[in-house]
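# Structural characterization, general
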Amino acid sequence: MKELRDEELGSEKLSIETIQKFEGYRKHKMRDLDKYDSKLEYLSEYESDLLEHVKALEDDLMKFEMSL
C-alpha cells in the first residue's frame, strides 16, 4: 500500500512540475507577443505553437496517470 501511495505522490509531483513548466513557457510566449505593435500578424503563429505544447502537456499528464 505504501509503495502505491509513494508512486501516486511521485506522479502527482511530476504532473505539477510539468504544468508549472508549461505555464512558464506560456507566460514567456505571451510576453514575446506583447513586444509586437501588430499582434494580429503573429497571433496565429503563437497560437499554433501553444496548441502544440498543450497537446504535449496532455500527453505527458496522461502518461503519468496511466503509469499508476
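Coordinates for the structure precede this section.
Quick look at the structure, then. (Residues numbered from 1 in each chain as written. Predicted model: local features only at pLDDT ≥ 70, side-chain atom pairs only at ≥ 80, totals over all residues. Heavy atoms only, no water.)

### Some details on the pattern of salt bridges
Rules: Between Lys or Arg on one side and Asp or Glu on the other, a salt bridge is scored when a side-chain nitrogen of the former is within 4 Å of a carboxyl oxygen of the latter. A helix here means a DSSP run of H or I that spans at least four residues, while a strand means a run of E at least two residues long, and both kinds are numbered starting from the N terminus. Per-residue accessibility, obtained with a 1.4 Å probe over protein chains only, is compared with the maximum for each type, and a residue is labelled buried under 20%, exposed over 50%, and partly exposed between these values.
A full pass over the atoms with the stated rule returns 5 salt bridges. Across the salt bridge formed by Lys29 and Asp49, the nearest N and O atoms sit 3.4 Å from each other. Of this pair, Lys29 sits in helix 1 (residues 2-34) while Asp49 is found in helix 2 (residues 39-66), placing the two residues 20 residues apart along the sequence. Comparing Lys29 with Asp49, the two get one shared label, buried. Residues Asp32 and Lys35 are paired through a salt bridge, measuring 3.5 Å at the closest nitrogen-oxygen approach. Accessibility expressed as a relative area gives 28% for Asp32, which makes it partly exposed. A relative accessible area of 65% means that Lys35 is categorised as exposed.

### Some thoughts on helix 2
Stated precisely, the cut-off is as follows: Expected helix span is given by 1.5 Å per residue-to-residue step, counting one fewer step than there are residues. Note on contacts: a residue pair qualifies if any of its non-hydrogen atoms lie within 4.5 Å across the two residues.
The terminal C-alpha atoms of helix 2, which comprises 28 residues, lie 39 Å apart, in line with the 40 Å expected from a rise of 1.5 Å per residue. Looking at helix 2, one finds that the buried residues are Tyr46, Asp49, Leu50, Leu57 and Phe64. Along its buried surface, helix 2 packs onto helix 1.

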